[in-house]
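Given next are the chains, with one letter for each unit.
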Amino acid sequence: MGKTSIMFGQLLRRKRIEKGFSLRKFAAQVGVSPTYLSQVEQGNVDPPTAERVRRMAELFGENTDEWIALAGRVPEDLPEIIQERTEMPALLREASGLTAEQLRQLTEQARRFKARDREQ
Amino acid sequence: MPRRVSIPSSEVPYLTKRAIEQEATVLLAEYGERFETVVEPPIPVDEIIEVHLQLIFEMRDLQRLFGVGDVHGATWINEGRVAVDQSLDPHNNPRMLGRFRFTAAHETGHWRLHRPYYLKNSAQLGLFDESAEKPAYICRSSARKERVEWQADFFAACLLMPREMIHEAWEQRHGSLKPVTLDDLREHESEITTAEIMRRGSLGMDRDTIDNTLLEWYGLPLAGQFQVSPQAMRIRLEELLLLVRKKETTLFD
């Protein structure tokens, strides 16, 4: 398996223990078998789907998008968002390579646009 | 459940049952002090292993890894890692819950009881080459019951079925700690053995198997409560003299 699987597995296990979940309890809450979860933690299989990783992040109380990215997955809603507007790929290409701070500002700006639209 | 690899059984000292039970009690108390006191069954063995002892816990295809069909668990002492065979995964097979938990507790027994001896032994013999294929302990169901495996089994029984909790559960059911004898159960023999023969699809059962089946049947509610197999519960109840095969005769009988 690849580097992503191994790193994700190790991170997942560390976080799970830190949050006090046993393998079986966590697997039950995510809706997978302990054997499968253990295989993920050992890096023997690819990280789970974005939907499952989202559930894991929620159980940890952490940022779901970050965890989905760590798993090398794409959030389920993104493909549709990218496809619904033809300008979207260009925006993403331009945004690619910006610093974290610049991206944060861009996101804030987008939120302001949306809020203003809602008010009108 | 049985046997190990790089530590000869003779290197493991004799431990009294009392000492082993005490070690299991201490472990449970440690967990209680750090997290929450366990006041009723089932004992949270998964959490004890991973969250309290901080051992790496894995479900693996141990049967394929070691090339034998009856491996249930393994412990890598140097790595602080415990594995249970994936065939015991209770998610895939709920009937395996008891065996899964007993195996996990058994491996914990190796960690608590035998780690010092393993480390001493491996240092003397230069056996620090523990690897994926060569853990300190491989536990098989078919192997001869060596001292080291018997001790881990007894530890597992004491951890999962603490004496006081068993007494409490027994008293709740019976109103006292009076034992139940096989003679008390004989009236159910035909009904229970017929059901068991049908379940197994066998032609019959020998006397010992009939007796074990009856005792296990009686211990079923407790086995469910403590999440152990009927066999493990029967052995523990016999150990605690709550299930007895023959009534002790007294001067007044």
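Worth saying up front: this structure is predicted, and the values here are computed from it rather than measured. (Residues numbered from 1 in each chain as written. Chains lettered and ligands numbered in written order. Predicted model: local features only at pLDDT ≥ 70, side-chain atom pairs only at ≥ 80, totals over all residues. Heavy atoms only, no water.)

**Topic: the overall build of chain B**
Then step 1. Of the regular secondary structure elements, chain B holds ten helices and six strands.
Then step 2. Burial statistics for chain B: of 253 residues in total, 52% are counted as buried.
Then step 3. Within the structure as shown, chain B displays about 12,500 Å² of accessible surface, and the carbon and sulfur contribution to it stands at 51%. (Helix = DSSP H or I, 4+ residues; strand = E, 2+ residues; numbered from the N terminus. Buried < 20%, exposed > 50% of the residue type's maximum accessible area, 1.4 Å probe, protein only. Areas by Shrake-Rupley, 256 points an atom, 1.4 Å probe, with all protein chains shown as cover.)

**Looking at the interface of chain B and chain A**
Then step 1. Each partner contributes to the interface: chain B provides 19 residues, whereas chain A provides 16 residues.
Then step 2. Carbon and sulfur atoms supply 49% of the area buried between chain B and chain A, which totals about 1,400 Å² over both sides.
Then step 3. Three residues, Glu47(B), Glu50(B) and Met59(B), lead the burial of chain B against chain A; their summed loss comes to 33% of the area buried on that side.
Then step 4. Viewed at the interface, chain A and chain B are joined by three salt bridges.
Then step 5. In this structure, Arg16(A) and Glu50(B) form a salt bridge, with 2.7 Å as the shortest nitrogen-oxygen distance.
Then step 6. In this structure, the connection of chain B to chain A is made through ten residue pairs in polar contact (both at pLDDT 80 or more).
Then step 7. Of all the secondary structure elements, the ones that give two or more residues to the side of chain B that touches chain A are helix H2 (45–52), strand E1 (56–60) and helix H4 (97–125) of chain B.
Then step 8. For the side of chain B that touches chain A, the per-class residue count stands at eight nonpolar, four polar and seven charged. (Contact = heavy atoms within 4.5 Å. Buried area = accessible area lost by both parts, 1.4 Å probe. Salt bridge = Lys/Arg side-chain N within 4 Å of Asp/Glu carboxyl O. Polar contact = N/O pair within 3.5 Å; in protein donor to acceptor, adjacent residues only side chain to side chain. Nonpolar A, V, L, I, M, F, W, Y, C, P; charged D, E, K, R; others polar.)

**Things to note about the pairing of strand E2 (residues 71–76) of chain B**
Looking along a regular strand, one sees side chains alternate from face to face of the sheet.
Residues and elements named next belong to chain B.
Then step 1. A large share of E2 lies buried, amounting to six of its six residues.
Then step 2. Here E2 runs beside strand E4 (residues 137–140); their pairing, made up of four bridges, is antiparallel. Residue pairing across strands places Thr75 opposite Tyr137, the latter belonging to E4.
Then step 3. Taking the residues between adjacent antiparallel strands as the criterion, E2 and strand E3 (residues 81–85) are bridged by four residues, where Gly80 takes a positive phi near 65 degrees. (Pairing = 2+ DSSP bridges.)

**Details of the domain arrangement of chain B**
Residues and elements named next belong to chain B.
Then step 1. Partitioning chain B into domains gives domain 1 (9–160) and domain 2 (164–244).
Then step 2. Just the C-alpha atoms count here: the centres of domain 1 and domain 2 sit 26 Å apart.
Then step 3. Summing both sides of the interface, domain 1 and domain 2 together bury roughly 1,100 Å²; the carbon and sulfur share of this comes to 58%.
Then step 4. Interface area lost by domain 1 to domain 2 is led by Pro41, Pro42 and Leu160, which between them contribute 32%.
Then step 5. Connecting domain 1 to domain 2 are two salt bridges.
Then step 6. Between Glu239 and Lys17 there is a salt bridge, with its nearest N and O atoms 2.9 Å apart.
Then step 7. At the junction of domain 1 and domain 2, the tally comes to four residue pairs in polar contact (both at pLDDT 80 or more). (Domains from an automatic or database assignment.)

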